[in-house]
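Each chain, letter by letter, is given below.
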Amino acid sequence: MDLISLIKTVGYAGVFLVIFIESGVFFGFFFPGDSLLFTAGFLASQGFMNIWVLIIGVVISAVAGVSVGYAFGFKIGPMIFKREDSLFFHKDNLVHTQHFYEQYGKKAIILARFMPGIRTFAPILAGVGKMNYSVFFLYNVIGGLLWGAGLSLSGYYLGNTIPNIDKYILPIILLIIFVSVLPTFIHIFKEKSAREKAMKLIKNMMPGKNKKILALNWKMNPESLTEALVIAKSSDHKNAIVIPPSIFISEVARILKRAKLGAQDVFYKEVEKGPYTGAVSAKELKNLDVKYVIVGHSEKRAMGETDELISQKIKTVLDNDMIPILCVGENLIQHKNGSTKKILEDQLKSDLVLIDDLKKQIIIAYEPIWAIGSGNPETPENAVETINYIKSSIKKEHPYLDIKVFYGGSVVSQNIADFLKRKEIDGVLIGGASLKPETIFK
Ligand code: PGA
């Protein structure tokens, strides 16, 4: 491990190349970074290199490397999670980095510079998560300057101020390696719970055996608050989401102890209050403890709700830390002429177009329009096939979304178990039968 003679041999070009690769090219994660910069700075102080050429070159290589990492993640991100582990693509690396990234957000791009291993994967992950590029670039440049210039200058400074520093250079380099690796190790090993959390997060991205959920969409029912409270009481089960019309939400909220609360609609704009007659804002719902919001129900679409409005509502719901239940489905003509998948793909594409962030939770309710309220449900076999299709087409566009897919359309006490026993179906959206909860929660 003689960094000094190594740097002397490879020269500027070698140093710049290592920094470039290490900053964002996935196989660079085991390259030395901090010690290399420090030693190069030290060599500059001894007259072997020009400190300014070194700093400018290092910063440019570091910024360029990170940009390449981002572009790489952006392009091939969706494939990474499908790959089996290999020497370079160990999923664990991504898991650590993702957790780190979630904890520190934009600052992660800067902090990651100083953490070997994570350094290489952070920009790739930012690309996978499609982080806003101009924000990313700004933090990339700041990080590149702090790290590249900072470490080279420290080597340069120490080399100039401490006499006979070459005697201590080896222990100093070892210390730097130790100190720079330490935070990564602490992060990975000490925070066991964080690690488990991150693993769970990844697992959640795969279709799991999570508990099945019953979302109870009351629609424009019942007529009175008294009836509403009776229904709410007998719907109050742990795996239920009770979704009353907005007029009853605050009263129902007081009754529920185990069930979660949902809303049937939300105002599309990201405003908390204001001159919008008849609208209810996401913030107002959130303040009533609403956790889920139905968006794009076919009955609303029939009243004129467009995909554009739907996509904005989804974004507003997510931005307010609630979970959207996006309804999609084909009508009878489309069903008969075999265009179901095409219709669903179009709906999903345009409804989810504004989602761009890492790790968001969203529920899709597959509701064939012809099955809603008709007493004529889709068969569980066909529902499973379509749901698989929905899951795979979303994964392609949004690999990081935590999605659950429900079935909805004439689910009643007699057939609910047939749907819920399918591992692909994560829950059901129940309309008519939700008004008689005692029949469902037998
Ligand atoms: P349904 O309604 O259960 O009455 O068919 C389902 C829904 O519209 O969510």
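Residues numbered from 1 in each chain as written. Predicted model: local features only at pLDDT ≥ 70, side-chain atom pairs only at ≥ 80, totals over all residues.

Undergrad: Would you explain the overall build of the protein chain in this entry?
TA: From N to C terminus, the protein chain includes 19 helices and eight strands. When the 442 residues of the protein chain are sorted by exposure, 42% land in the buried category. Considering only contacts in the protein chain between residues 6 or more positions apart, those separated by 24 or more positions represent 74%. (Helix = DSSP H or I, 4+ residues; strand = E, 2+ residues; numbered from the N terminus. Buried ≥ 20, exposed ≤ 12 C-beta atoms within 10 Å, placed from the backbone. Contact = placed C-beta atoms within 7 Å.)

Undergrad: Is there a simple way to think about the site of the ligand in this case?
TA: Neighbouring residues of the ligand: 13 residues in total, closest I372, G373, G408, G431 and G432. Residues that form the shell around the ligand fall into these classes: five nonpolar, seven polar and one charged. (Near = placed C-beta within 6 Å. Nonpolar A, V, L, I, M, F, W, Y, C, P; charged D, E, K, R; others polar.)

Undergrad: Looking at this structure, how should I read helix α16 (residues 340-351)?
TA: The α-helix advances 3.6 residues per turn, and as a result positions three or four apart in sequence lie on the same side. End to end, α16 covers 16 Å across 12 residues, agreeing with the expected 16 Å (1.5 Å per residue, within 8%). Those residues of α16 lying buried are T340, L344, Q347 and D351. Projected onto a plane normal to the axis of α16, the buried residues spread over an arc of 65 degrees and lie on a single side. Residues of α16 that are buried make contact with α14 (307-319), β5 (323-328), α15 (332-336) and α17 (380-397). (Expected span 1.5 Å × (residues − 1). Arc of directions from axis to C-beta.)

Undergrad: Would you mind going over the nonpolar core with me for this structure?
TA: Generally speaking, soluble globular proteins have nonpolar side chains that are buried together. A215, V293, I325, I364, Y366 and F406 are the most contacted members of the largest nonpolar core, which totals 60 residues. The contacts of I364, once residues within four sequence positions are left out, are L326, V328, I390, I403 and V405. With 46 residues, the next largest nonpolar core counts L43, V59, I118 and W147 among its residues. (Core = buried A, V, L, I, M, F, W, Y, C linked by C-beta atoms within 7 Å.)

Undergrad: Hey, could you run me through the environment of M220 in this one?
TA: Its place among the elements puts M220 in the loop between β1 (213-217) and α10 (225-234). Put simply, M220 and P244 are 24 residues apart on the chain and 8.0 Å apart in space, counted from C-alpha to C-alpha.

Undergrad: Help me out: how do you make sense of unusual backbone geometry in this one?
TA: Among all residues except glycine, the phi angle is most often negative; among peptide bonds, the trans geometry is most common. The step from N221 to P222 runs through a cis peptide bond, and the omega angle for that step is -15 degrees. The topology assignment puts P222 in the loop between β1 and α10. Notably, D289 is not glycine yet its phi reads approximately 80 degrees, a positive angle. Among the secondary structure elements, D289 is positioned in the loop between α12 (282-287) and β4 (292-295).

Undergrad: Whenever I open this one, the pairing of β1 confuses me. Can you help?
TA: Each regular strand shows side chains that alternate between the opposite faces of the sheet. Across the five residues that make up β1, a large majority, five, are buried. Residues I213, A215 and N217 of β1 are buried on one face, and the alternating residues L214 and L216, pointing to the opposite face, are buried as well. When β1 meets strand β8 (residues 427-430), the two strands line up parallel, connected through four bridges. Counted as the bridge partner of L214 is V428 from β8. The sheet contact formed by β1 and strand β2 (residues 240-243) spans four bridges and is parallel. Bridge pairing in β2 places L216 opposite V242. Taken together, β1, α10 and β2 form a β-α-β motif whose crossover is right-handed. (Pairing = 2+ DSSP bridges. Right-handed = clockwise from strand over helix to strand, strands pointing away.)

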